[in-house]
Amino acid sequence: MDDKTILNRISELVDEEHKLRAEAQAHESGTAGEASERLRALEESLDQCWDLLRRRRAARDTHGDPDAQGERPKPEVERYLQ
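Residues numbered from 1 in each chain as written. Predicted model: local features only at pLDDT ≥ 70, side-chain atom pairs only at ≥ 80, totals over all residues. Heavy atoms only, no water.

**Focus on the side chain of Glu17**
Here's step 1: Turning to its location among the elements, Glu17 is positioned in helix α1 (residues 3–27).
Here's step 2: Here Glu17 is in contact with Leu39, Leu42, Glu43 and Leu46, once residues within four sequence places are set aside. (Helix = DSSP H or I, 4+ residues; strand = E, 2+ residues; numbered from the N terminus. Contact = heavy atoms within 4.5 Å.)

**Some thoughts on the pattern of salt bridges**
Here's step 1: Tallied over the entire structure, the rule returns 12 salt bridges.
Here's step 2: Across the pair Asp3 and Arg56 runs a salt bridge whose closest N-O atoms are separated by 2.5 Å. Here Asp3 is found in helix α1, whereas its partner Arg56 is found in helix α2 (residues 33–61), with 53 residues between them in sequence. Grouping residues by exposure puts Asp3 and Arg56 together as buried.
Here's step 3: A salt bridge links Glu12 to Arg9, with the shortest nitrogen-to-oxygen separation between them at 3.5 Å. (Salt bridge = Lys/Arg side-chain N within 4 Å of Asp/Glu carboxyl O. Buried < 20%, exposed > 50% of the residue type's maximum accessible area, 1.4 Å probe, protein only.)

Here's what the structure looks like:
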């Protein structure tokens, strides 16, 4: 997966996240169980995409092979301290 593909995926995920949040806000009841689960999954996928993009850029900056970087499992990415 190249940087452009990753950025496109991030854009798709963000668009879906905004749509779900707007729907929840329009109903003024927060997010229902299914929508809440989907939002959580979207956030995890976004974290995973951003992690991959950062590692690809770091590899490129250090003259490494960005294509050697792969997605890390969601549980691993979610355990990072911010």
